[in-house]
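# Coordinate inspection notes
These are the residues of each chain, in order.
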Amino acid sequence: MVLGRRFVLKHHFVGHPKPEDFDLVEEELPPLKDNEIQFRALFLSVDPYMRPYTMRMTPPFTMIGGAVGVVEKSKDPNFPVGCTIVHTAGWVERGVVNPGAMGKASPSGKLGGVKKASDMGNLSKSLLLGVCGMPGNTAYFGLKEICEAKSGDTVVVSGAAGAVGNLVGQIAKNMGCRVIGFAGTDEKCAWLKSIGFSEAFNYKKCGVAESLAKAAPDGVDCYFDNVGGEMSAAVMAAMNTRGRVAVCGAISHYNEVGGYSKVTDVLPLCVGKELRVEGFLVGRWADRWMEGVSAMAAMVMKGDIKVQETVMEGFEKMPQAFMGLFTGDNTGKMIVKA
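My aim in this report is to walk through the structure given alongside it, one point at a time. (Residues numbered from 1 in each chain as written. Predicted model: local features only at pLDDT ≥ 70, side-chain atom pairs only at ≥ 80, totals over all residues. Heavy atoms only, no water.)

Turning to unusual backbone geometry, a few remarks are in order. Of note, the bond from Pro59 into Pro60 is cis; its omega dihedral lies within 30 degrees of zero at 0 degrees. Inspection of the secondary structure assignment puts Pro60 in the loop between helix 1 (50-53) and strand 4 (61-62). Even without glycine at this site, Asn35 takes up a positive phi of about 70 degrees. A positive phi is found at Arg242, a non-glycine position, where the angle reads about 60 degrees. Tracing the chain through its elements places Arg242 in strand 13 (residues 239-247). (Helix = DSSP H or I, 4+ residues; strand = E, 2+ residues; numbered from the N terminus.)

Once that is clear, we can look at the pattern of salt bridges. When charged atoms on two side chains of opposite charge get close, those side chains can pair. Summed over all chains, the structure comprises 17 salt bridges. Arg244 is the partner of Asp153 in a salt bridge, and the nearest nitrogen-oxygen pair spans 2.9 Å. Of this pair, Asp153 sits in the loop between helix 2 (134-147) and strand 9 (154-157) while Arg244 is found in strand 13, placing the two residues 91 residues apart along the sequence. Several salt bridges converge on common partners, so that one network encompasses Arg5, Glu93 and Glu316. (Salt bridge = Lys/Arg side-chain N within 4 Å of Asp/Glu carboxyl O.)

Okay, the sheet that holds strand 11 (residues 199-202) next. Hydrogen bonds between backbone groups are what pair the strands of a sheet, and the pairing can be parallel or antiparallel. Read across the sheet, six strands follow the order 11-10-9-12-13-14 without closing on themselves; strand pairing throughout is parallel. The open sheet has two free edges, formed respectively by strand 11 and strand 14 (276-279), since each of these has just one partner strand. With direction set aside, neighbouring strand axes in the sheet form an average angle of 15 degrees. Bridge count for strand 10 (residues 178-183) against strand 11 is four bridges, and the pairing is parallel. Paired with Gly181 across the bridge in strand 11 is Ala200. Strand contacts of helix 2: strand 9, strand 12 (220-225), strand 13 and strand 14, with the helix running at about 145 degrees to strand 12, the strand carrying the most contacts. Along the sheet, helix 4 (residues 186-194) makes contact with strand 10 and strand 11, crossing strand 11 at roughly 175 degrees. (Pairing = 2+ DSSP bridges. Axes fitted to C-alpha atoms, helices over the stretch in contact; angles between N-to-C directions. Contact = heavy atoms within 4.5 Å.)

For the rest of this paragraph, the subject is helix 8 (residues 289-302). In a regular helix each residue adds 1.5 Å, so 14 residues correspond to 20 Å; helix 8 covers 20 Å between its end C-alpha atoms and thus fits that length. What helix 8 keeps buried is the set Trp289, Gly292, Val293, Ala295, Met296, Ala297, Met299 and Val300. The secondary structure elements touched by the buried residues of helix 8 are helix 2 and helix 3 (165-174). (Expected span 1.5 Å × (residues − 1). Buried < 20%, exposed > 50% of the residue type's maximum accessible area, 1.4 Å probe, protein only.)

Once that is clear, we can look at the pairing of strand 3 (residues 37-45). Most of strand 3 sits out of view: seven of its nine residues are buried. Alignment of strand 3 against strand 5 (residues 67-74), held across seven bridges, turns out to be antiparallel. Note on strand 5: the bridge partner recorded for Phe39 is Val71. As paired strands, strand 3 and strand 16 (residues 333-337) are joined by three bridges and run antiparallel to one another. Paired with Leu44 across the two strands is Val336, which belongs to strand 16.

What follows is the structure, encoded as structure tokens:
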């Protein structure tokens, strides 16, 4: 008898995620059918998008998310025993899936599911969930395709010490941009400057408008927005004519109760400054996924991108790691090592 464990989301979140929102379920795994595999998680991802995304779903269900695992048993010749996989089976320590059936319901029909892991050489396989995975491609394509950043631009990044934000800043720096980041502690700001940000400000201690007046006196060309809210209104007020805004996330709103709070209306800024503001989901580039992964891996191996992970040990820590995303516990990518 083989036992597996998974976390179930019992009901929709109300406000910040809490331990009592989850159940840790242990159950006997079924025998493998044709084309199925049994896997064991090595590293699991927690990401802010999980908070709003689950509101579209009907609980109870296995908590969503991506992971890196190893195949323990297989009746699928494409996934032999011992191979490393990247999957979206959710918060599952050990489980059974049919790789051919997963991912078909994703918006593109191509994301998610089960894929053989790329060869990472001497790099940690955990990077497949970060710089060489979804966050890395979000930063890579969002900056290049939405912001259309170019050498000499001034780029502002909110949530700059998070999994995506720090990568955006480092890519922009490598492109010859001046990069300004906002984060929530002095320690995070110091780290951002150590990895190449031109300026980094603790938004809890200084005003966004005042900081940009000092750090970007000639205006802002590109804004990579992970936060939303009043911070975004202040950044957009400091942008140059025909500036570009990539709206990646709105974490300042995710845990609000009773609907999203009202913030300063940015439409007059969009009109008066002729700003181009575009929201995006990384699945847009499903057909170019490996382009981004390869480019990010190459920058890491060359030393052009410094990798920072916050790693929690033990599958039981999944809820704690997830909750920590909304209280600033992570610097860089938050990972759980199973």
